[in-house]
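Listed here are the chains, written in short residue letters.
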Amino acid sequence: MIERRTFDSLGGADHGWLKAKHHFSFASYNDPGRMGWGALRVWNDDTIAAQAGFPPHPHADMEIITYVREGAITHRDNLGNEGRTEAGDVQVMSAGTGITHSEYNVEPGVTRIFQIWIIPDESGKPPSWGARPFPKGERSGRFVALASGFKEDTEALPLRTDARVLGATLKAGDTVEYALGADRHAYLVPSSGSVEINGTRLDARDGAAIRDETALRITAIEDAELVLVDTAP
């Protein structure tokens with residue numbers, strides 16, 4: 001089962017400095033049919049104006065992954081962590097028992113991010129934050145685990161949940177395959193470009209909610225950058 005969710009059908013809000021689109025219910029957007037997908041709870045597509053951002057605010061008991069599509073985001077938190085994550089790179093914040101952080105675009109142009117929230121397997125763990133680069137050339141024609149709760153994904157940022165976040169870049173005409181367990185849920189979004197997944201077309205920033213598909217075969221209609229979440233149901 002693959003349910004295409006077109007970009008135009010997503011919820012959203014325009015705050016001036018922030019233009020947000022929500023794949024799942026979030027803030028003032030409430031759709032009972034889009035409350036999450038397996039353990040995946042939030043997928044926000046945010047465009048943040050230059051010299052603007054999210055002031056300090058708290059989180060708890062959530063795995064929060066930020067995938068930077070364009071520009072850069074600067075993170076600070078009450079644990080003393082500070083870092084700048086730029087386009088193509090990823091940061092993970094395990095909120096655990098509680099963390100307060102800010103995220104600002106201090107760049108001269110807009111920053112565009114995907115922010116993905118996944119419910120952790122257990123609560124009560126200490127909070128943490130980390131980031132690392134993932135050169136797009138190393139993802140050419142294949143999926144690379146960017147963040148993962150699986151021990152075998154040794155190069156990925158760690159997650160405290162039975163899930164992985166993957167990235168791939170494809171040239172037009174290229175095909176990549178991904179084996180999805182029979183009991184798993186997946187959600188795929190092209191950051192750019194258009195693809196066909198098991199016969200269903202997705203354009204840039206559309207979402208595909210996937211289950212009961214043991215193998216995903218994705219062919220690029222045009223050059224594409226992909227982000228995929230594979231999670232427990």
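As the structure is a computational prediction, the values presented were derived from the model and not from experiment.

Caption draft 1: Representation of the UniProt feature "domain: Quercetin 2,3-dioxygenase C-terminal cupin" (unreviewed entry) in the chain. As recorded in UniProt, the sites labelled "domain: Quercetin 2,3-dioxygenase C-terminal cupin" (unreviewed entry) are residues 152-230. Between the end C-alpha atoms of residues 152-230 there is a gap of 15 Å, over a span that is 0% helix and 59% strand.

Caption draft 2: Quick peek at the environment of A87. When you line up the elements, A87 lands in the loop between β8 (82-86) and β9 (90-94). Residue A87 is classed as partly exposed on the basis of its relative accessible area, which comes to 34%. Along the sequence, A87 and N198 sit 111 residues apart, while their C-alpha atoms lie 28 Å from each other. Dropping the residues within four chain positions of it, A87 is found in contact with V68, R69, E70 and G71.

Caption draft 3: Region of the structure containing the sheet that holds strand β14 (residues 157-158). Spatial strand order, β1-β20-β17-β22-β15-β13-β14: 7 strands in an open sheet with mixed pairing. What marks the edges here is a single partner per strand, and that holds for β1 (2-5) and β14. Of the strand pairs in this sheet, strand β17 (residues 185-192) and strand β20 (residues 207-211) are connected by 4 bridges, and their pairing is antiparallel. Residue pairing for β20: H185 is matched across the bridge by R211.

Caption draft 4: Spatial organisation of the environment of E63. With respect to the helices, strands and loops of the structure, E63 is situated in strand β6 (residues 63-70). Exposure remark for E63: the relative accessible area of 2% places this residue in the buried category. Through-space distance from the C-alpha of E63 to that of D121 is 9.7 Å; in sequence the pair is 58 residues apart. With residues up to four places along the chain from it excluded, the contact list for E63 reads M93, S94, I116, W117, I118, P120, L159, R160 and T161. Within polar-contact distance, the side chain of E63 engages the side chain of S94 at 2.7 Å. Here the side chain of E63 touches R160 through a polar contact of 2.9 Å, landing on its backbone nitrogen.

Caption draft 5: Seen up close, the UniProt feature "domain: Pirin N-terminal" (unreviewed entry) in the chain. When the UniProt feature table is mapped to this numbering, "domain: Pirin N-terminal" (unreviewed entry) covers residues 10-118. The distance separating the terminal C-alpha atoms of residues 10-118 is 19 Å; by composition the span is 0% helix and 60% strand.

Caption draft 6: Main features of the nonpolar core. Core analysis: the biggest nonpolar cluster contains 24 residues, and W43, I65, I116, I118 and V165 have the highest contact counts within it. Of all the elements in the fold, those that place two or more residues in this core are β4 (40-48), β6, β9, β11 (111-118), β13 (144-148), β15 (163-170), β17 and β22 (224-231). Ranked by residues supplied to this core, first place goes to β11 with 3 residues. Beyond its immediate stretch of four places on either side in the chain, V165 contacts I65, I116, I118, V144, A145, L146, A147, L159, V227, L228 and V229. Core analysis: the next-biggest nonpolar cluster, separate from the first, contains 23 residues, A156, L180, A208 and I210 among them.

Conventions used here
- Residues numbered from 1 in each chain as written.
- Predicted model: local features only at pLDDT ≥ 70, side-chain atom pairs only at ≥ 80, totals over all residues.
- Heavy atoms only, no water.
- UniProt positions renumbered as here; feature names shortened; annotations may be inferred.
- Helix = DSSP H or I, 4+ residues; strand = E, 2+ residues; numbered from the N terminus.
- Buried < 20%, exposed > 50% of the residue type's maximum accessible area, 1.4 Å probe, protein only.
- Contact = heavy atoms within 4.5 Å.
- Pairing = 2+ DSSP bridges.
- Polar contact = N/O pair within 3.5 Å; in protein donor to acceptor, adjacent residues only side chain to side chain.
- Core = buried A, V, L, I, M, F, W, Y, C linked by side-chain atoms within 4.5 Å.

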